[in-house]
Amino acid sequence: MIPYERNLDYYQALLDKNSEYEGVFFVGVKTTGVFCRPTCPARKPKFENCEFYKTAKEALLASFRPCRRCRPLSHPNQVSELVQLLVNAVEENPEQRWTDSDFRKLSIDASTARRQFKKRFGMTFVEYARARRMGIALKQIRAGNPVIDAQLTTGYESSSGFRDAFSKIMGAAPTQIGYQTILKAAWLDTRLGPMIAIADEEALYLLEFVDRRGLEREVERLRKRTKSAILPGYTAPIRSIENELTHYFEGSLTQFNTPVVYLGSSFQREVWEQLQKIPPGQTSSYAGLAAAIGKPGSYRAVAQANGANQLALVIPCHRVINSNGDLGGYGGGISRKQWLLNHEMTIGSESS
Ligand SMILES: [Zn+2]
């Protein structure tokens, strides 16, 4: 995630094709759906159509695909044919979940491929392919794609070809499987980058930054537990959280009141409720939380429950830091965690 103030610098670097910024940022172009390196030879987009990312993975998760001209996934100087072959294979069929036999079909040694990929891109091949799939699904959500609603009303036919990456991640059409529930998913732009909100007509089930590690699995788990299909769209709780997020980022709201559903064990719920008792501007530790719920020995389980939170910001797991004062981890990324804590400190001191 890149602070807004930086964007202007980056945009200038983009106009200048400044090679010093290679690897510093990637730019997603909203009008074309591609993402580029700073030195891309293609015509430069308008500032308002640019989104800047620190890593290629973030750009992929925001549903951009790699530009064919500047090839932002290749090292400027060298990329092995093997790695390029893999990138191309994913682009041809982003919906595919890769197995060793798929590598064999391409006459690629799976372990070599994986090693080279990781070395070149700093992410595994599986992570790359998953980011692409998730990106495609998120693109549908971002567009609020009415095509899928249309598919629902006309009914699902297995031969219709309506088996795209979206339905693989978000669930096939309800008419086919006889789902009880439909959840709606919306793309919410926030000051710290885009988030995805998933809710039914009553309550919010999930709120996450779209580049959160493991989001695809999280969505799958949610879908299975609720036996739902997830479709692009808005419900009252999504409108409510969108409004509250605006006020939160402006510094005029610290307490979220949108109704939520806690999908977790009773222990996890206990931890999540305790987390919500940490006031904005303050922090706690896993040990502190474990003690607060009267289970001082359950430090590790508390940490796991914290990580299993899928209501970012609403359940303020970012307010948990290490006992020694270090920031500790955060699913949404450390720089966001730091920003949130600073932000809440400011709100706290202004209102007191
Ligand atoms: Zn480009």
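What you see is a predicted model, and the numbers here were worked out from it, not measured in a lab.

Draft legend 1. Just the overall build of the protein chain, in detail. The helix and strand tally for the protein chain stands at 15 helices and 8 strands. When the 352 residues of the protein chain are sorted by exposure, 50% land in the buried category. The contacts of the protein chain with a sequence gap of at least 6 include a subset with a gap of at least 24, amounting to 64%. If you sum the accessible surface of the protein chain, you get close to 17000 Å²; carbon and sulfur atoms cover 48% of it.

Draft legend 2. Just the side chain of S298, in detail. Counting through the fold element by element, S298 comes out in the loop between α13 (286-292) and α14 (299-307). We classify S298 as buried; its relative accessible area is 15%. Not counting residues up to four positions away in its chain, the partners in contact with S298 are F267, A290 and I293.

Draft legend 3. Representation of the coordination of the zinc ion in the model. Binding of the zinc ion to the protein goes through C36 (SG), C40 (SG), C67 (SG) and C70 (SG), at separations of 2.2 to 2.4 Å. Considering all 4 donor atoms around the zinc ion, angles at the metal cover 105 to 123 degrees and the coordination shape is tetrahedral. Sequence spacing of the donor residues for the zinc ion, all on one chain, is C-x3-C-x26-C-x2-C. Taken as a pair, C40 in the loop between β2 (34-36) and β3 (50-53) and C70 in the loop between β4 (65-66) and α3 (81-92) lie far apart in primary sequence, 30 residues in all. Judged by relative accessible area, C70 falls into the buried class, the value being 8%.

Draft legend 4. Structural detail: the sheet that holds β4. With mixed pairing, the 4 strands of this open sheet are ordered in space as β3-β1-β2-β4. The open sheet is flanked by β3 and β4, the only strands paired with a single partner. Here 4 bridges tie strand β1 (residues 26-29) to β3, and the two strands are oriented antiparallel to one another. Within β3, the residue paired with V27 across the bridge is F52.

Draft legend 5. Molecular detail of the nonpolar core. Among the nonpolar cores identified, the biggest contains 44 residues, and I196 and I198 are the most heavily contacted of them. It is helix α6 (residues 125-143) that provides the largest number of residues to this core, a total of 8 residues. Beyond its immediate sequence surroundings of up to four residues, I196 is in contact with L138, I141, A185, A186, L206, L207, E208, V210 and L215. Counting residues in each nonpolar core, the second largest holds 36 residues, with A186, L207, L275 and L289 among its members.

Draft legend 6. Looking closely at a positive patch on the surface. Together, R217, R221, K224, R225 and R269 give the surface a local cluster of positive charge. For the positive patch, the leading source of residues is helix α10 (residues 215-226), giving 4 residues. When you line up the elements, R217 lands in helix α10.

Draft legend 7. Spatial organisation of α3. Spanning 12 residues, α3 covers 16 Å between terminal C-alpha atoms, matching the ideal 16 Å at 1.5 Å per step. The set of residues buried in α3 consists of V83, Q84, L86, V87, A89 and V90.

Draft legend 8. Looking closely at the packing of helix α12 (residues 266-275) against α14. Two numbers describe how α12 lies on α14: the axes approach to 9 Å, and their chain directions differ by 75 degrees. Here α12 is positioned roughly perpendicular relative to α14, judged by the angle of their axes. For the pair α12 and α14, contact is made by F267, Q268, V271, W272 and L275 and by A301, V302, A305 and N306, respectively. The residue inventory of the contact of α12 with α14, partitioned by class, reads 7 nonpolar, 2 polar and no charged.

Draft legend 9. Fine view of the pairing of β1. Residues F26 and G28 line one face of β1 and the alternating positions V27 and V29 line the opposite face, and both faces are buried. Connecting β1 to the antiparallel partner β2 that follows it, the hairpin turn spans 4 residues, and G33 within it adopts a positive phi of roughly 80 degrees.

Draft legend 10. Spotlight on the side chain of R212. In this fold, R212 is placed in the loop between β7 (204-209) and α10. Take R212: its relative accessible area is 14%, and that puts it in the buried class. With residues near it in sequence (within four places) discarded, R212 still touches E218, G307, N309 and G331.

Parameters and conventions
Residues numbered from 1 in each chain as written. Predicted model: local features only at pLDDT ≥ 70, side-chain atom pairs only at ≥ 80, totals over all residues. Heavy atoms only, no water. Helix = DSSP H or I, 4+ residues; strand = E, 2+ residues; numbered from the N terminus. Buried < 20%, exposed > 50% of the residue type's maximum accessible area, 1.4 Å probe, protein only. Contact = heavy atoms within 4.5 Å. Areas by Shrake-Rupley, 256 points an atom, 1.4 Å probe, with all protein chains shown as cover. Donors = N, O, S within 2.8 Å, 3.2 Å for Na, K, Ca; no water. Tetrahedral: all angles 85-135°; square planar, octahedral: opposite > 155°, others 65-115°. Pairing = 2+ DSSP bridges. Core = buried A, V, L, I, M, F, W, Y, C linked by side-chain atoms within 4.5 Å. Patch = residues over 30% accessible without salt bridge, like charges linked within 9 Å, V, L, I, M, F, W, Y side chains within 5 Å. Salt bridge = Lys/Arg side-chain N within 4 Å of Asp/Glu carboxyl O. Lys, Arg positive; Asp, Glu negative; His and termini not counted. Charge placed at Lys NZ, Arg CZ, Asp CG, Glu CD. Expected span 1.5 Å × (residues − 1). Axes fitted to C-alpha atoms, helices over the stretch in contact; angles between N-to-C directions. Parallel < 35°, antiparallel > 145°, perpendicular 65-115°, else oblique. Nonpolar A, V, L, I, M, F, W, Y, C, P; charged D, E, K, R; others polar.

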